[in-house]
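Architecture at a glance
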Amino acid sequence: MIQGRIHRLRHDPRRTGWGKEIGEPLNYTFQFGTVMDHFPDLLAGAALTIRLSALTMVFGLAIGMACAVAKAYGLRPLRWLATSYIELIRNTPFLIQLYFVFFALPHLGVRLSPNNSALLAMVINLGAYSAEIIRAGVESIPHGQIEAGRALGLRPIQIVRFLILFPALKAVYPALTSQFILVLLGSSIVSAIAADELTAVANTINSQTFRSFEIYTVVTLMYVVIVFGFRAIFTSIYAFAFARRG
Amino acid sequence: MRGIMKSVLAMAAMVIVSLSAAPAEAQTVDEIIKRGKVVIAIDTTVPPYGMLDTNNQPTGIDVEVANLIGKNLKVPVELVTVNSPGRIPALLSNRVDMVVAIFSITAERALQVSFSIPYAGQSAVLIAPKTANIKGPDDLKSLKVGVTRGALEDGALTQMNPAGMNLLRFDDGTSVAQAMLSGQIDAMGGGDYGEIYLRKGAKGEEYEQKFPLRAAHFGIGIRRGNPDLLQWLNTFVYQIKNSGDLDAISRKFRNGQPMIPLPVF
Amino acid sequence: MLRTFTLNEVWILVLAARWTIALSLAAFAGGGTVGFVLAIARISPFRALRYIASGYIQFVQAIPGLMLLLLFYYGLNLFGIRIDAWTAAVLAFTLSTSAFLAEIWRGCLQAVPAGQWDAARSLGLNFPKTLILVIIPQAVRMALPPTVGYMVQVVKGTSLAALIGFTELAKAGAQINTITFEPVLVFGTVAGIYFLICWPLSLLSGYLERQLKVGHVNIQAM
């Protein structure tokens, strides 16, 4: 095998670039071209990653807001319920929550497809984390503000929306968007239940071509690009929604 | 400062130890014997070839063959658990000397590893509940079919590519089995013999083979460029076939059936 | 091997949890060491060092933990670097833990009032001495709650090692489930064991935060 390698180095000049072999004195030749052949599949996987993450952020945020308000202003049983949910989710791994939704729920009569199971598990997970983050923001709202709102004759819905949630979200925006990024990164775990997002596609290509280093490097870079993209979007949302008003 | 130094040293020690412990670079039979043990990769999620017994210890046809290898080399066996996609990397990285883990012999894999003559064989088949009416690939339309990523059934179904089938690839046999039992998939690719036939699903379904996907034989995998070890392994397989040891192992784990006739190459 | 889910199986899961704890400690030891160096680099007076550390942290924090695992386990293997699931897991977790701890600790170091730096300089202390004698002792107090809180994430993160075939608690649970097929009981027990490990840490973190009366440095994770 070593002889074969020397033979190749002597007769084939080194070339670089996509799809060409880069001869190396390691026991391996890089072939990024193989990965690039599968790029459409990788893009499809990335699209699902983004879709799942975006949907999770919307629904998870809604649950988080509801729980935060419940914990801050609700009656004792409601507070206890919210706390139990939050503590249970935050102290168990996402993988186990995912396994439970996909493998155990059918046993209890609820059967969801891999993609839907993934979405449900991610939403439940984000709901708990964002609840804690938003609650910190909600609790930092001075009571005087709410009383002022009542004095001005605002309806409870208006008070909650404008005087509680809006300022709270603005205050905890960095922590919240950090959590959203973690949702995006955590979406790679749903490959374990055969939801065909980006990591699952990478694994499949790997099992067919065995070009592990090339595939996982390319996919890692894709995740970094997606994350930076979301971070930019979040920054723009902040400028648009929060920075202009009080 | 002392605490930090201790952590750094501990970390470095850990890395060094795990990188240097018992290197498995032995290329010939003599080197293995001289080193004093043989390191063999197995998969414990594929009954009856590899599984865990009531004491959580590995057992099964592959495990018994691996132990016989050690017995014939007169060295102790160190078993390393890998999953299906991890078999070839375990060999190529010198982590193990050989792989005995339902390693189907294919020409494509032979580009990266060498196979001994077969010591066992199995058909990859499509498995589904008894009540499902599936006679051939065309009946898989709009069904969710689960396979272990990179396994024989994955290759076969991907190549067949029946119209309208939704192929779900899981990381290991455990996940596929769990998906089948909980009804998350309508059918699965698997072996013609296995535990799934004995289990009942979440709704009490029982499972059976529907149609064969591909026949395969399992060989012992080793790194390429190792003719000495390969020759020994072929001799070893010939012997356990001839002496009846292989049949005995098969009877133990496959409900009294002897090993199927195996080709040689 | 049809078994029912009995206390024997529960015990097997408890034993598997040892590996979870071992992985967590290894990740924290490694990640803590590297993270400490990075945090110092992030506040050092050398701009190049600051940018390199910042870039590294931003980059690593944008990679899914599972991806790091797969890169180390499968990617390095083909370089002939001998790596098994345990080593790959320790290296990958060390990498990601270092980035997150570096951020937490940097925040705490920077939260020490600027006046402390000035006072140290006027006393003639150079950068290393200032750090060791003045800044770090004060930052440690602030760092304790979020660091303990992050340990919870580390413990939960070890469950990913199951996806490269390492038999810690999550993988043991999956295996037991195929043997007994009681997913509700099995994964319920697995979740319970994780909860028993993580919840006390969470409570401790909250307790420390209240006792030390410091601000909330909020780093969450999955």
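What comes next concerns the included structure. (Residues numbered from 1 in each chain as written. Chains lettered and ligands numbered in written order. Predicted model: local features only at pLDDT ≥ 70, side-chain atom pairs only at ≥ 80, totals over all residues. Heavy atoms only, no water.)

**Notes on the overall build of chain B**
Where we set the bar: Secondary structure is summarised from DSSP: a helix means a run of H or I of at least four residues, a strand means a run of E of at least two, and numbering begins at the N terminus for each. Each residue is assigned to one of three classes by its accessible area relative to the maximum for its type, calculated with a 1.4 Å probe on protein chains only: buried under 20%, partly exposed between the two thresholds, exposed over 50%. Any pair of residues with heavy atoms lying within 4.5 Å of one another is described as a contacting pair.
Counting secondary structure elements, chain B contains 8 helices and 12 strands. Burial statistics for chain B: of 265 residues in total, 55% are counted as buried. The contacts in chain B between residues at least 6 apart in sequence include a share of 67% that link residues at least 24 apart.

**Focus on the overall build of chain C**
Here is the rule we go by: What sets the accessible areas is the Shrake-Rupley method with a 1.4 Å probe; for residues, cover comes only from the shown protein chains. Counted as positive: Lys and Arg. Counted as negative: Asp and Glu, with His and the chain ends omitted from the count. Charge positions come from single atoms, namely NZ of Lys, CZ of Arg, CG of Asp or CD of Glu.
Scanning chain C from N- to C-terminus turns up 8 helices and 0 strands. Across the 222 residues that make up chain C, the buried fraction comes to 59%. The contacts of chain C with a sequence gap of at least 6 include a subset with a gap of at least 24, amounting to 74%. About 8800 Å² of surface is accessible on chain C, with carbon and sulfur atoms providing 70% of the total. Between the centroid of the 14 positive side chains of chain C and the centroid of its 7 negative side chains there is a distance of 12 Å.

**Points about helix H4 (residues 76-90) of chain A**
Heads up, the rule is: Each residue after the first adds 1.5 Å to the expected span of a helix. Here the arc refers to the set of directions running from the helix axis out to each C-beta atom.
The terminal C-alpha atoms of H4 of chain A, which comprises 15 residues, lie 21 Å apart, in line with the 21 Å expected from a rise of 1.5 Å per residue. Burial in H4 of chain A covers these residues: Ala82, Ile86, Glu87, Ile89 and Arg90 of chain A. Mapping the buried residues of H4 of chain A onto a view down its axis gives an arc of 165°, with all of them on the same face. Exposed residues on H4 of chain A whose side chains face more than 90 degrees from its buried face are Arg76, Pro77, Trp80 and Leu81 of chain A. The inward-facing, buried residues of H4 of chain A contact helix H3 (39-73), helix H5 (94-104) and helix H6 (114-139) of chain A together with helix H6 (127-157) and helix H8 (183-212) of chain C.

**Overview of the pattern of salt bridges**
All names here are of chain B. Keep this limit in mind: In what follows, salt bridge is the name for a side-chain nitrogen of Lys or Arg lying within 4 Å of a carboxyl oxygen of Asp or Glu.
One pass over the full model with this rule turns up 13 salt bridges over all chains. The partner of arginine 35 in a salt bridge is aspartate 97, and the shortest N-O contact between them spans 2.9 Å. Here arginine 35 is found in helix H2 (residues 29-35), whereas its partner aspartate 97 is found in the loop between helix H4 (87-92) and strand E5 (98-99), with 62 residues between them in sequence. Judged by relative accessible area, which is 2%, aspartate 97 ranks as buried. A salt bridge links lysine 252 to glutamate 64; the nearest nitrogen and oxygen atoms lie 2.7 Å apart.

**Quick look at the interface of chain C and chain A**
Rule in force here: N or O atoms closer than or at 3.5 Å make up a polar contact, with two conditions inside protein: a donor-capable atom paired with an acceptor-capable one, and, for residues adjacent in sequence, both atoms drawn from side chains. Note on residue classes: Ala, Val, Leu, Ile, Met, Phe, Trp, Tyr, Cys and Pro are nonpolar, Asp, Glu, Lys and Arg are charged, and everything else, Gly too, is polar.
Contact residues are listed per partner, giving 39 residues for chain C and 48 residues for chain A. Along the contact surface separating chain C from chain A lie 0 salt bridges. Between the two partners, chain C and chain A, sit 5 residue pairs in polar contact (both at pLDDT 80 or more). Elements with a contribution of two residues or more to the side of chain C that touches chain A: helix H2 (47-60), helix H3 (65-75), H6 and H8 of chain C. Of the residues assigned to the side of chain C that touches chain A, the class counts are 29 nonpolar, 9 polar and 1 charged.

**Thoughts on the sheet that holds E5 of chain B**
Two pairing modes exist for strands in a sheet, parallel and antiparallel, and in both the strands are linked by backbone hydrogen bonds. Residue and element names in this part refer to chain B. As a reminder, the rule being used: We call two strands paired when DSSP finds no fewer than two bridges between them. Only the stretch in contact is used when a helix axis is fitted, and all axes are lines through C-alpha atoms; the angle between N-to-C directions ranges over 0 to 180 degrees.
The strand order E4-E1-E5-E12-E6 describes an open sheet built from 5 strands, whose pairing is mixed. Of all the strands in the sheet, the pair left with one neighbour each is strand E4 (77-81) and strand E6 (113-115). Sheet analysis places E6 next to strand E12 (residues 221-223), joined by 3 bridges and oriented antiparallel. Counted as the bridge partner of phenylalanine 115 is glycine 221 from E12. Across the sheet, helix H7 (residues 227-242) touches E5, E6 and E12, and the angle it forms with E12 is around 165°.

**Re unusual backbone geometry**
Not every positive phi belongs to a glycine, and alanine 194 of chain A is a case in point at roughly 65°. Residue position: alanine 194 of chain A is located in the loop between helix H8 (156-186) and helix H9 (198-209). Among the residues examined, alanine 194 of chain A registers a relative accessible area of 6% and is labelled buried. The backbone of asparagine 161 of chain B shows a phi angle near 45°, a positive value even though the residue is not glycine. Relative to the elements of secondary structure, asparagine 161 of chain B occurs in the loop between helix H5 (152-160) and strand E9 (166-170). Owing to a relative accessible area of 56%, asparagine 161 of chain B belongs among the exposed residues under this scheme.

**Considering the nonpolar core**
Note the threshold: Among the buried residues, those of types Ala, Val, Leu, Ile, Met, Phe, Trp, Tyr and Cys that are joined through side-chain atoms within 4.5 Å form a nonpolar core.
The biggest cluster of nonpolar side chains holds 146 residues, and the ones touching the most others in it are Leu42 and Tyr99 of chain A. Examining the composition of this core, we find that 15 residues originate from one element, H8 of chain A, more than from any other. Apart from the residues within four sequence positions on either side, tyrosine 99 of chain A is in contact with Ala104, Ala192 and Ile193 of chain A together with Leu163 and Phe187 of chain C. Core analysis: the second largest hydrophobic core is formed by 33 residues, Ile32, Ile40, Met98 and Tyr119 of chain B among them.

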